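# Results of the structural survey
Take a look at the letters that make up each chain.
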Amino acid sequence: MRLLPDILVEAAQAVAADNMKANRKIATAESCTGGLVAAAITEIAGSSAVFDRAFITYSNEAKSQMIGVPVDIISQYGAVSLPVVRAMASGAIINSKADIAISISGVAGPSGGSIEKPIGTVAFALANKNGLLKETIQYFDKEASRAQIRLKAALFALEWLKV
């Protein structure tokens, strides 16, 4: 019996296979997804060959304490911002043995949104030991449920982790 949706596990299988071939280790720094990306990857038998660790940094304090996101960046830009996810991805690389790290921070709802950052706003960054590879903010359907937004964010992150 699987606890995760098949679509998520299938995406994680592709990530594990691709990264195994590339001999690449992954770390995650997750906020709004709460470890969903890590859970999907570790659902795959043999994932220890590609998965180093996960940082579930749901609170701003955790972002700062666990992976070194500067408090002033969080204060200035808010947790759901490119500067914060950049720092999260960088912190995950620095504090792990991973070759690549994905970070995710967003507003999954049903409350907490604002005009600037409505429900469904999710920021992502991907980094390696040489620095930032890419970043974006996605606007998932604000009418979607919390679970749907989190699933869409996890699937987006897994897509970025493919080689």
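Residues numbered from 1 in each chain as written. Predicted model: local features only at pLDDT ≥ 70, side-chain atom pairs only at ≥ 80, totals over all residues. Heavy atoms only, no water.

## A look at the environment of Asn 60
Position of Asn 60 relative to the elements: it lies in helix 3 (residues 60-67). Here the alpha-carbon distance between Asn 60 and Gly 112, two residues 52 residues apart in the chain, equals 14 Å. Residue contacts for Asn 60: discarding those within four places in its chain leaves Ile 74 and Ala 79. (Helix = DSSP H or I, 4+ residues; strand = E, 2+ residues; numbered from the N terminus. Contact = heavy atoms within 4.5 Å.)

## Re the side chain of Thr 57
One can find Thr 57 in the loop between strand 2 (51-56) and helix 3. When near neighbours in sequence (up to four residues on either side) are disregarded, Thr 57 contacts Glu 30, Ser 31, Ala 62, Lys 63, Met 66, Ile 67 and Met 88.

## Considering the pairing of strand 1 (residues 26-30)
Among the five residues of strand 1, five are classified as buried, and the element is accordingly described as predominantly covered. Summarising the sheet, strand 1 and strand 2 pair through five bridges and their orientation is parallel. Bridged to Ala 27 within strand 2 is Arg 53. Note that the unit made of strand 1, helix 2 (residues 36-42) and strand 2 has a crossover that is right-handed. Of the pairings in the sheet, the one linking strand 1 to strand 3 (residues 100-106) comprises five bridges and is parallel in character. Bridge pairing in strand 3 links Ala 29 to Ser 103. (Buried < 20%, exposed > 50% of the residue type's maximum accessible area, 1.4 Å probe, protein only. Pairing = 2+ DSSP bridges. Right-handed = clockwise from strand over helix to strand, strands pointing away.)

## Re the packing of aromatic side chains
The relative placement of two aromatic rings is captured by the distance of their centres and the angle of their planes. All chains considered together, the criterion is met by four aromatic pairs. Consider the rings of Phe 124 and Phe 140, whose centres lie 6.4 Å apart with planes at 85°: the pair is edge-to-face. Here Phe 140 lies in the loop between strand 5 (131-139) and helix 6 (146-160) and Phe 124 lies in strand 4 (residues 121-128), a separation of 16 residues in the sequence. Taken as a pair, Phe 124 and Phe 140 share a single burial class, namely buried. (Phe/Tyr/Trp six-rings, centres within 6.5 Å; stacked < 30°, edge-to-face > 60°.)

## Things to note about helix 1 (residues 6-21)
Over its 16 residues, helix 1 extends 23 Å from the first C-alpha to the last, a length consistent with the 22 Å expected when each residue adds 1.5 Å. Those residues of helix 1 not exposed but buried are Leu 8, Val 9, Ala 11, Ala 12, Val 15, Ala 16 and Asn 19. Down the axis of helix 1, the smallest arc covering the buried residues is 160°, so these residues share one side. Buried-residue contacts for helix 1 involve strand 1, helix 2 and helix 6. (Expected span 1.5 Å × (residues − 1). Arc of directions from axis to C-beta.)

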